[in-house]
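Letter by letter, the chains look like this.
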Amino acid sequence: ASAGNGRSRQTLPPTPPIVEDRRMLNSAFCLAASICIAAVGISTPAAAAADAAAAKLADGVMQGLQSGNTRAVMEGALPVIRQNKPAEFDNLVQQSDSAIKIYGPITKWELLDSEPLGSLLEKRTYVSQHKLGPLFWTMIMYRGPGGWEVTYFVFTDKVTERFGL
């Protein structure tokens, strides 16, 4: 068709129905994904308080390790292991202190990973900075009737092990 100014004007053919259907599906998928992503972040006040209590316990262990109060902080954080497995508890304290003596004092630490394992367990992994290299500390905390406590505690200096290399 030509317009009054002598230029021809092209018209595009109508969009096939299948393309329109795909556009609607893509839009619906994006909307559904947005709703799901938003729902994952929703937390109840009770869940947030539980997460904060577990974080406070684990952060306290790291602060105790940094300040050199390994035995005292572990006695408070690992009471079941201390009471029921005293030899293992003593060994854990000695190994932690030895690692810090070998690598040097903790100059800085930070949370690498936090993973809720249902409503009663939480796993937290930290990395600590030392003169000779990093150490990785993993704790699994259990929310028992008396509150949160560390039920599993391990550390390593093997970066490859930590990242599955």
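### Some remarks on the nonpolar core
Then comes step 1: Formed by 27 residues in total, the largest nonpolar core has its most connected members in Leu 65, Met 74, Leu 78, Trp 137, Met 139, Val 150 and Phe 153.
Then comes step 2: Of all elements in the fold, only α2 (45-67), α3 (70-77), α5 (86-103), β3 (135-144) and β4 (147-156) reach the threshold of two or more residues within this core.
Then comes step 3: Apart from the residues within four sequence positions on either side, Phe 153 is in contact with Val 61, Leu 65, Met 74, Leu 78, Leu 92, Ser 96, Trp 137, Thr 138 and Met 139.

### Points about α3
Then comes step 1: Listing the buried residues of α3 in full gives Thr 70, Val 73, Met 74 and Ala 77. The arc enclosing the buried residues of α3, seen along the axis, measures out at 95°, which places them on a common side. The exposed residues of α3 that point more than 90 degrees off its buried face are Ala 72 and Gly 76.

### Concerning the pairing of β4
Then comes step 1: With nine bridges connecting them, β3 and β4 associate as antiparallel partners. In the sheet register, Met 141 faces β4, and the bridge partner there is Val 150.
Then comes step 2: Between the end of β3 and the start of β4, which pair antiparallel, lie two residues.

### Considerations on the confidence of the model for the protein
Then comes step 1: Averaged over all residues, the pLDDT of the protein equals 79, while 68% of them reach at least 70.
Then comes step 2: Mean pLDDT across the elements of the protein bottoms out in helix α1 (residues 17-40) (44) and peaks in strand β2 (residues 121-129) (96).

### Some details on the sheet that holds β3
Then comes step 1: On the basis of which strands lie adjacent, the open sheet formed by four strands has the order β1-β2-β3-β4 and antiparallel pairing. In this open sheet, the two strands that pair with only one neighbour each are β1 (108-116) and β4. With strand direction ignored, the average angle separating the axes of adjacent strands in the sheet is 20°.
Then comes step 2: Sitting on the sheet, α5 touches β3 and β4, and the angle it makes with β4 is about 50°.

Criteria and cut-off values
Residues numbered from 1 in each chain as written. Predicted model: local features only at pLDDT ≥ 70, side-chain atom pairs only at ≥ 80, totals over all residues. Heavy atoms only, no water. Core = buried A, V, L, I, M, F, W, Y, C linked by side-chain atoms within 4.5 Å. Buried < 20%, exposed > 50% of the residue type's maximum accessible area, 1.4 Å probe, protein only. Helix = DSSP H or I, 4+ residues; strand = E, 2+ residues; numbered from the N terminus. Contact = heavy atoms within 4.5 Å. Arc of directions from axis to C-beta. Pairing = 2+ DSSP bridges. pLDDT = per-residue confidence, 0-100. Axes fitted to C-alpha atoms, helices over the stretch in contact; angles between N-to-C directions.

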